[in-house]
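The residues making up each chain are set out below.
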Amino acid sequence: MTAPLTPPPPPNHQPQHDAWQAPPAGYGLGHEEDGPGMRTELREAAVVAVAMAVGGALLGFLWWWLAPHVPLVSDSTTVYLKDTEGEQAVAVDGTFTLLALAFGLVSALAVFLLRRRGGIALVVALTVGGLLGSLLAWRLGIWLGPSQDVVGRAKEAGVGVTFDAPLELGAKGALLAWSVSALLAHLGLTALFAPRDPDPFPDPYHPQAPKM
């Protein structure tokens with residue numbers, strides 16, 4: 001009988017690390033429960049959507065207050081623009097759009113400061129809340145503005161007397177400005193400043209990687 005060619009390992013010998021071995025029990029579980037649960041996310045999203053919708057009242061008030069007046073005049077048979085080359089009607093739409101864009105930036109910043117991790121629920125809330133807020137602002141501004149009964153107001157004003165046209169939003173696409181602004185701003189904030197999840201499989205050749 002011949003002796004084995006390979007000597008037995010010493011008593012204190014540690015087996016070499018197998019790069020393909022299964023990770024230890026519990027590895028990576030610490031990141032599965034990071035952040036709030038689904039119910040909390042939905043609750044936060046609902047609060048954001050409702051707050052933005054209610055904020056539409058402020059947008060509507062500011063639109064009514066800051067938008068320029070469109071002058072009309074009547075000749076007893078027809079109501080027409082006093083200044084046919086004026087840009088007041090365009091400025092009315094522009095005022096609403098600029099205010100909505102500003103509200104979108106503020107909304108995105110507030111949501112990001114309250115919850116930096118973001119999430120699909122918050123994205124949906126920003127979209128729905130911005131649209132609801134814009135609709136409320138639109139209708140509130142019209143309600144606060146001059147009466148929609150142009151003929152009646154022309155009769156009250158008299159022939160050749162200037163009066164203000166009803167507050168109208170000609171470009172209905174402005175109703176999306178709040179949502180679009182909020183989404184883009186929130187996307188930029190989360191991309192730049194949101195916390196990053198640690199890599200569960202770090203590069204072993206990275207200088208800061210743990211020694212194996």
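In case you missed it, the structure is sitting above this.
Residues numbered from 1 in each chain as written. Predicted model: local features only at pLDDT ≥ 70, side-chain atom pairs only at ≥ 80, totals over all residues. Heavy atoms only, no water.

Draft legend 1. Geometry of the side chain of Ser181. Take Ser181: it is sitting in helix H5 (residues 177–193). Residue class for Ser181 comes out buried when judged on its relative accessible area of 8%. (Helix = DSSP H or I, 4+ residues; strand = E, 2+ residues; numbered from the N terminus. Buried < 20%, exposed > 50% of the residue type's maximum accessible area, 1.4 Å probe, protein only.)

Draft legend 2. Spotlight on the packing of aromatic side chains. On inspection of all chains with the given rule, the structure shows four aromatic pairs. Where Trp63 meets Phe96, the ring centres are 5.1 Å apart and the plane angle is 80 degrees; that geometry is what we call edge-to-face. One end of the pair, Trp63, is in helix H1 (residues 38–66); the other, Phe96, is in helix H2 (residues 88–114), with 33 residues separating them in the sequence. With 5.3 Å between their ring centres and 75 degrees between their planes, Phe103 and Trp178 make a pair best called edge-to-face. Here Phe103 is found in helix H2, whereas its partner Trp178 is found in helix H5, with 75 residues between them in sequence. Neither Phe103 nor Trp178 differs from the other in exposure class; each is buried. Here the aromatic cluster, defined as three or more aromatic residues joined through ring pairs, consists of Phe61, Trp64 and Trp65. Positioned above the aromatic ring of Trp138 is the side chain of Arg139, whose terminal nitrogen or guanidinium carbon lies 4.9 Å from the ring centre. (Phe/Tyr/Trp six-rings, centres within 6.5 Å; stacked < 30°, edge-to-face > 60°. Lys NZ or Arg CZ within 6 Å of the ring centre and 35° of its normal.)

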